[in-house]
Amino acid sequence: MTGHLEEQLSAYMDEELSDDERRQIEAHLEICESCQVLLEELLTLQSNITRTYEEIQGPADFEIRVMQVIADRQEPAAAGKGWIFVPLLSFMALGLLWFAAGAILMKLINGFLKLVVALVYMASHFVSGVPVLSGAVVVLSLIILSTSVYSLRRLLQASTS
Ligand SMILES: [Zn+2]
């Protein structure tokens, strides 16, 4: 055998060699310090890999422990069941308040809409009597519409970027 054993050492470690090849390698290892060091490094690496693999195998136990921690934390809360009514009652109170406020708001919106409709009706009657003014109103509303769309677009672009 000539040269060092770099390529045969892993096969030697995995016991994939014939008895003859084994004996040759062992004979070489006795006289060659660099191959001894290499073999030791490879063995250390192998044991590290094995240990890491065993650590990776942990999650089954880890999951159980996490579940245990969660169960432990939930127990004192479950012991005093009264606490659950506090958020429930406040939620119901909030709902009632929202309902009442909503009813008032609806009346306000309804009144406001009626007012707007009346104003638009009046305005349209007034505008139809004056053709020049009607054209001006159309142009003005188009300008307002386009500027509001433009500003809305810029606002959206600013919020997304
Ligand atoms: Zn060697």
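Under an unreviewed UniProt entry, the name given to the protein chain is Anti-sigma-W factor RsiW, and the source organism is Paenibacillus rhizophilus. The record held by UniProt for the protein chain lists under Sequence similarities (unreviewed entry) the comment "Belongs to the zinc-associated anti-sigma factor (ZAS) superfamily. Anti-sigma-W factor family."

A. Spotlight on the coordination of the zinc ion. Listed as protein donors to the zinc ion are His4 (ND1), His28 (NE2), Cys32 (SG) and Cys35 (SG); their distances from the metal cover 2.0 to 2.3 Å. Around the zinc ion, the four donor atoms sit at angles spanning 98 to 121 degrees, and that spread fits a shape best called tetrahedral. The sequence motif formed by the donor residues of the zinc ion is H-x23-H-x3-C-x2-C. Separated by 28 residues along the polypeptide, His4 in the segment before helix 1 (6-13) and Cys32 in the loop between helix 2 (19-31) and helix 3 (33-56) bring together distant segments of the chain.

B. Representation of the packing of helix 2 against helix 3. Contact pair helix 2 / helix 3: the axes reach a minimum separation of 6 Å and the direction vectors enclose 110 degrees. With respect to each other, helix 2 and helix 3 are oriented roughly perpendicular. When the axes of helix 2 and helix 3 are compared, the crossing they make is left-handed. Residues His28, Leu29, Glu30 and Ile31 of helix 2 form the contact with helix 3, whose participating residues are Glu33, Cys35, Gln36 and Leu39. Classifying every residue of the contact of helix 2 with helix 3 gives four nonpolar, two polar and two charged.

Conventions adopted
- Residues numbered from 1 in each chain as written.
- Predicted model: local features only at pLDDT ≥ 70, side-chain atom pairs only at ≥ 80, totals over all residues.
- Heavy atoms only, no water.
- UniProt positions renumbered as here; feature names shortened; annotations may be inferred.
- Donors = N, O, S within 2.8 Å, 3.2 Å for Na, K, Ca; no water.
- Tetrahedral: all angles 85-135°; square planar, octahedral: opposite > 155°, others 65-115°.
- Helix = DSSP H or I, 4+ residues; strand = E, 2+ residues; numbered from the N terminus.
- Axes fitted to C-alpha atoms, helices over the stretch in contact; angles between N-to-C directions.
- Parallel < 35°, antiparallel > 145°, perpendicular 65-115°, else oblique.
- Left-handed = near helix turned anticlockwise from the far one by under 90°.
- Contact = heavy atoms within 4.5 Å.
- Nonpolar A, V, L, I, M, F, W, Y, C, P; charged D, E, K, R; others polar.

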